[in-house]
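# Chain and residue survey
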Amino acid sequence: MVVNTCGFIDAAVEESLGAIGEALAKNGKVVVTGCLGAKQDFIKGIHPSVLAVTGPHDTPAVMDAVHAHLPKPHDPYTDLVPSIGVKLTPKHYAYLKISEGCNHRCSFCIIPSMRGDLVSRPVGEVMSEAENLAKSGVKELLVISQDTSAYGVDVKYRTGFWNGRPLKTKMTDLCKALGELGIWVRLHYVYPYPHVDEVIPLMAEGKILPYLDVPFQHASPRILKLMKRPASAEKVLERLRAWRAICPDITVRSTFIAGFPGETEAEFSELLSFLEEAQLDRVGCFAYSPVEGAAANDLPGALPEAVKEERRGRFMELQAKISAEKLKSKIGKTLKIIVDEAGLGRSTADAPEIDGVVHFEGGESSAKPGEFANVLIDRADAHDLFGRLQ
Ligand code: SF4
């Protein structure tokens, strides 16, 4: 088994180590890759029996390790790598990585020190991969990177070519081109730059999914400054209003950190007020964890674990109420879903693994994984929807 890891924050490190342990217990043959793979000694110290540990963004090393431990018989027909490359997700959706690294230096994050500055993949290469995935039956592309909205900054938005056609290495241009493939395109990890506004009309026109995963992290100007993040909750609220005016169906997902060093109760309340006002659709919240090497660890006023967890709990409780209300408003509507498995699918508002799902009844046998279907919603809880296939 290949386990992809994340070293973004301590919670992710723990989750990654847990996943490695689970994989070892399941089949005993495990290759570790991803961010945390940069800390080979650390992983081997905890899980000495893993077969290999490769660093981030090192597919050749992963494949070498796999082939070293699982030599495959030579077959001149099946040895040809399919045009979709090697895909580790179910057949109907795929992650499309457009860049590696990040030019920001958020004080709580060590990704830039592990992965370096932003390096954008050539736009022609990204589009060819996307086109091949669509041709091979993929129905949903999840565009990922460390900083999707910065795509092309490092190459000064250089013009590349896709099928002989000039195309700029720029998020908006990439989204327009991806929109031509006729499949769902979902944007993740969009840093809140002003030019993100340019993709909202594409969502309103149905070119890409009306879904934006944009981590805001906090709302207090002082905490945002300490985090080295753009510091204006007011502007964020203004932009949310503008996005919703252009594209009323937009789903906004975000992540936040509670209990950042020095966060006062008043600053945390500011965050709660923002959450109330922003009415975000999907939200994740981490209690601040001092990941080794993060600049924020040197800030004064580290909070006790109990306080961080208590704030995270209050935050999630409020968001659960907001989410339940938002999902309730979908009762009585018919939503288009993509079927993941019998009786289970996702609407345009649900990214796989991290968001809610749509449970459906009726005609499970006719709605196959990877197919689109319409579901009349008749019930909702804080995260999921329930309904009947139409
Ligand atoms: S933008 Fe994201 S990846 Fe880049 S430093 Fe900030 S948190 Fe880390």
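Everything below is about the structure printed above this text.
Here's a quick rundown of the structure. Please read all numbers here as calculations on a predicted model, not as lab measurements. (Residues numbered from 1 in each chain as written. Predicted model: local features only at pLDDT ≥ 70, side-chain atom pairs only at ≥ 80, totals over all residues. Heavy atoms only, no water.)

## Comments concerning the side chain of E140
Here E140 is to be found in strand β7 (residues 140–144). A distance of 2.7 Å separates a polar atom in the side chain of E140 from a polar atom in the side chain of R346. Sequence-distant contacts of E140, defined by excluding residues within four places in its chain, comprise H92, Y93, A94, W184, R186, I338, R346 and P352. (Helix = DSSP H or I, 4+ residues; strand = E, 2+ residues; numbered from the N terminus. Polar contact = N/O pair within 3.5 Å; in protein donor to acceptor, adjacent residues only side chain to side chain. Contact = heavy atoms within 4.5 Å.)

## Quick word on the pattern of salt bridges
Opposite charge on two side chains allows them to pair when their charged atoms are near. Counting across every chain of the model gives 23 salt bridges. When the shortest N-O distance is used, the salt bridge between R186 and E140 registers 2.8 Å. Taken together, the positions of R186 in strand β10 (residues 184–187) and E140 in strand β7 put the pair 46 residues apart, joining distant regions of the chain. Both residues of the pair, R186 and E140, belong to the buried class. The residue R388 makes a salt bridge to E361 at a minimum N-O spacing of 3.5 Å. (Salt bridge = Lys/Arg side-chain N within 4 Å of Asp/Glu carboxyl O. Buried < 20%, exposed > 50% of the residue type's maximum accessible area, 1.4 Å probe, protein only.)

## As for the site of the ligand
Not every one of the 10 residues close to the ligand is listed here, only the nearest: C102, H104, C106, C109 and P112. For the shell around the ligand, the class distribution of residues is seven nonpolar, two polar and one charged. (Near = heavy atom within 4 Å. Nonpolar A, V, L, I, M, F, W, Y, C, P; charged D, E, K, R; others polar.)

## Let's talk about the layout of surface pockets
Empty space within the second largest pocket amounts to approximately 480 Å³. Lining the second largest pocket are 21 residues, with D249, T251, K330, L335 and T348 sitting closest to its centre. Looking at the lining of the second largest pocket, the elements that each hand over two or more residues are α11 (305–328) and β14 (334–341). Classifying every residue of the lining of the second largest pocket gives seven nonpolar, six polar and eight charged. (1 Å grid on protein atoms, 1.4 Å probe; cavity = no way out; pocket = protein on both sides within 12 Å on 5 of 7 lines; lining within 4 Å. Points joined across faces, edges and corners; volume = space filled by probe spheres on them.)

## What about the nonpolar core?
The biggest cluster of nonpolar side chains holds 57 residues, and the ones touching the most others in it are L141, L178, L187 and L212. Sequence-distant contacts of L212, defined by excluding residues within four places in its chain, comprise L187, V190, V196, I200, M203, W243, I250, T251, V252 and R253. The next biggest cluster of nonpolar side chains, apart from the first, holds 12 residues, and it includes L335, V358, A367 and I377. (Core = buried A, V, L, I, M, F, W, Y, C linked by side-chain atoms within 4.5 Å.)

## Things to note about empty space enclosed by the protein
One pass over the structure, following the stated rule, counts one cavity of 30 Å³ or more. What the largest cavity holds in volume is close to 40 Å³. Around the largest cavity, the lining residues are R282, L327, K330, S347, A349, D350, G356, V357, V358, H383, D384 and L385.

## Here's the deal with helix α10 (residues 265–278)
The terminal C-alpha atoms of α10, which comprises 14 residues, lie 20 Å apart, in line with the 20 Å expected from a rise of 1.5 Å per residue. Within the span of α10, buried status applies to E267, F268, L271, L272, F274, L275 and A278. Down the axis of α10, the buried side of the element spans an arc of 155°, and every buried residue falls inside it. Residues of α10 that are exposed and angled more than 90 degrees away from the buried face: A266 and E277. Looking at the packing, one finds that the buried side of α10 touches α8 (221–227), α9 (233–246), β12 (251–258), β13 (282–287) and α11. One or two steps after α10, the chain reaches Q279, where phi turns positive at roughly 50°. (Expected span 1.5 Å × (residues − 1). Arc of directions from axis to C-beta.)

## Notes on the packing of aromatic side chains
Using the criterion set out here, one finds eight aromatic pairs in the structure. On the numbers, 5.3 Å between centres and 50° between planes, the contact of F256 with F315 is tilted. With F256 in strand β12 and F315 in helix α11, this pair connects stretches of sequence that are 59 residues apart. Cluster of aromatic residues (ring-pair linked, three or more members): F216, F256, F274 and F315. Above the face of the Y157 ring, K170 is positioned so that its terminal group lies 5.2 Å from the ring centre. For R379, the ring lying beneath its charged end belongs to F386, and the centroid distance is 4.0 Å. (Phe/Tyr/Trp six-rings, centres within 6.5 Å; stacked < 30°, edge-to-face > 60°. Lys NZ or Arg CZ within 6 Å of the ring centre and 35° of its normal.)

## Some remarks on α9
The end-to-end C-alpha distance of α9 is 20 Å, a good match for the 20 Å that 14 residues give at a rise of 1.5 Å each. Taken together, the buried positions of α9 are occupied by A233, V236, L237, R239, L240 and W243. Here the buried residues of α9 occupy an arc of 165° about the axis, which is enough to place them on one side. Of the exposed residues in α9, the ones pointing more than 90 degrees away from its buried face are E234, K235 and A245. Looking at the packing, one finds that the buried side of α9 touches α7 (200–204), β11 (211–213), β12 and α10.

## Here we look at the environment of A342
Here A342 shows up in the loop between β14 and β15 (344–346). A C-alpha to C-alpha distance of 7.2 Å links A342 and A367, two positions 25 residues apart in sequence.

## Description of the environment of D173
When you line up the elements, D173 lands in helix α6 (residues 171–179). C-alpha of D173 to C-alpha of Y157: the two residues are 16 residues apart in sequence and 9.9 Å apart in space.

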